[in-house]
Amino acid sequence: MAAAARRPGRPPVLLGLRDAPMAAPSRGGGQAPAWATNKLGGCADAVPSVRLGCPGCGVCGAALLHLVQVYCPLEASPYHRVANVFACAGRGCWGQPRSWKVLRSQYLQTEEKEARDRSSKQKQESNFAANDWYEEADDWGVCDEAESPVYTSLQLLGLNEVMMSSSLSREVECASQFQQLCLSEAADMSGPLRMRAPVREGTAAASSAPVFQPYYISVVDEEDYTGFLDTDHADKLLKEYQQREGVDLEQLMSESFAGEGDNEKYEKSEVKSRDHAFHKFMKRISVCHEQILRYSWGGQPLFITCPPANINKGIPACSNCGSNRVFEFQLMPALVSMLQSDTDLSVEFGTAIVYTCERSCWPTNHQTPLEEFIFVQEDPDQKLFK
């Protein structure tokens with residue numbers, strides 16, 4: 001079935017799905033380096049020349065667990081680009097803004113190419129040429145139309161349909177040495193917003209850092225699911241929510257499915273705003289309820305509960321260059337049950353929304369990652385996505 005035409009002026013939305021478990025380490029020609037792999041769990045992989053530390057929780061001081069790694073180079077940018085999200089598994093830290101971190105690392109493509117050429121002149125450059133990224137159908141940033149810089153789509157490497165084959169075997173690596181992580185300091189947010197502003201935090205000892213079992217993340221375009229709305233699944237979850245919360249499901253359904261955009265008149269409804277936001281969230285993800293990540297650089301996040309009215313003012317500027325931050329991706333509640341470990345670790349949340357520098361700035365010869373901004377919303381019903 002052909003994909004539906006994109007809505008004018010809107011960036012694409014790419015969905016991350018849990019794929020195969022990461023195989024035992026092995027080396028083979030044509031494999032992407034560990035840092036160019038999209039994955040959940042495992043250890044964060046450092047790009048060359050950047051020293052990753054083991055971030056510590058700003059609440060309890062424990063080592064943060066690595067949740068996801070997203071390889072997300074910007075189209076027409078000279079940099080490889082990786083984002084890593086960490087969170088604390090301490091039950092008392094769940095939902096606390098200072099118990100989360102998102103780190104962005106970059107690496108010049110020319111430096112990477114030169115390093116590969118030095119190591120082996122016979123290696124083909126098929127997976128790393130900028131012109132080839134745009135041709136991957138499963139990339140984060142495939143886009144059919146030219147868009148403004150803010151809405152420029154991003155592209156991911158090495159996540160096509162081959163991911164589904166049994167030949168998957170990429171190296172699972174942890175950073176060989178954890179060093180002190182120095183992050184740019186910014187003012188803490190205060191007030192009613194449950195937000196995490198970049199601050200200087202300590203790092204935990206590498207030896208104490210636990211890990212979740214690693215899995216590859218495959219990528220699909222949300223529009224590929226157009227016409228396959230799983231309303232039965234959405235209705236089942238919403239009925240369970242209705243029974244627990246005492247909300248009027250029929251009223252919610254009639255208002256939400258009446259239309260989009262201008263046709264939605266939630267402000268006139270007597271149903272609580274948080275229920276409207278939750279229902280809208282459930283309706284949108286019902287097309288692919290197994291999604292663990294939504295990616296749309298320069299697009300709009302999907303809130304699980306009604307966000308604060310001043311949320312845009314609460315998003316701090318980039319601590320390095322002073323530019324505004326834009327939405328890039330968010331972690332979804334389905335990820336919670338997929339974070340598995342041998343020690344019964346877990347992290348609970350509704351959605352974690354990541355905002356990054358709109359310029360994707362990177363200082364020359366920089367050797368530590370830049371911390372970005374993350375806004376965490378708790379799940380209004382923790383039982384719903386289990």
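The shown structure was predicted, so the numbers you read here are calculated from the model rather than taken from an experiment.

Chemist: Any chance you could explain the overall build of the chain here in plain terms?
Modeler: Per the secondary structure count, the chain includes six helices and 12 strands. Taken over 386 residues, the chain has a buried fraction of 52%.

Chemist: Looking at this model, I keep getting lost on the confidence of the model for the chain. Mind explaining?
Modeler: Regions with low pLDDT should not have their predicted coordinates read in detail. Confidence in the prediction of the chain, expressed as mean pLDDT, is 74, and 57% of residues score 70 or more. Counted against residues more than four places away or in other chains, residues 128-138, with its pLDDT under 50, gives 31 contacts. Between residues 142-201, whose pLDDT stays under 50, and residues either more than four places distant or in other chains, the model counts 192 contacts.

Chemist: What is the right way to read the packing of aromatic side chains from this model?
Modeler: In this description, an aromatic ring pair is defined by two values, namely the gap between the centres and the angle between the planes. The final tally for this structure, using the stated rule, is seven aromatic pairs. Where tryptophan 35 meets tyrosine 107, the ring centres are 5.9 Å apart and the plane angle is 85 degrees; that geometry is what we call edge-to-face. Separated by 72 residues along the polypeptide, tryptophan 35 in the loop between strand E1 (14-21) and strand E2 (39-40) and tyrosine 107 in strand E5 (residues 100-108) bring together distant segments of the chain. Across the pair, tyrosine 107 and tryptophan 35 agree in class, each one buried. Three or more aromatic residues link up through ring pairs in this structure, and these residues are Trp35, Tyr71 and Tyr107. Stacked on the ring of tyrosine 215, the Lys or Arg arginine 18 has its end atom at 4.4 Å from the ring centre.

Chemist: Even after reading the chapter, I still don't get the pairing of strand E4 (residues 79-87), so can you show me in this structure?
Modeler: In summary, the side chains of a regular strand alternate between the two faces of the sheet. For E4, a buried count of nine out of nine residues is recorded, marking the element as mostly surrounded by other parts of the structure. Judged from the nine bridges that link them, E4 and E5 form a sheet pairing that is antiparallel. Residue pairing for E5: alanine 83 is matched across the bridge by arginine 104.

Chemist: Quick question: what am I supposed to make of the nonpolar core here?
Modeler: General note: in soluble globular proteins, nonpolar side chains tend to be found buried as a group. Residues Leu67, Val68, Val85, Trp100, Phe329, Leu331 and Val347 are the most contacted members of the largest nonpolar core, which totals 36 residues. By residue number, the principal contributor to this core is strand E3 (residues 65-71), which donates four residues. By size, the runner-up hydrophobic cluster in this structure holds 14 residues, among which are Trp35, Tyr71, Val82 and Cys357.

Rules used in this analysis
Residues numbered from 1 in each chain as written. Predicted model: local features only at pLDDT ≥ 70, side-chain atom pairs only at ≥ 80, totals over all residues. Heavy atoms only, no water. Helix = DSSP H or I, 4+ residues; strand = E, 2+ residues; numbered from the N terminus. Buried < 20%, exposed > 50% of the residue type's maximum accessible area, 1.4 Å probe, protein only. pLDDT = per-residue confidence, 0-100. Contact = heavy atoms within 4.5 Å. Phe/Tyr/Trp six-rings, centres within 6.5 Å; stacked < 30°, edge-to-face > 60°. Lys NZ or Arg CZ within 6 Å of the ring centre and 35° of its normal. Pairing = 2+ DSSP bridges. Core = buried A, V, L, I, M, F, W, Y, C linked by side-chain atoms within 4.5 Å.

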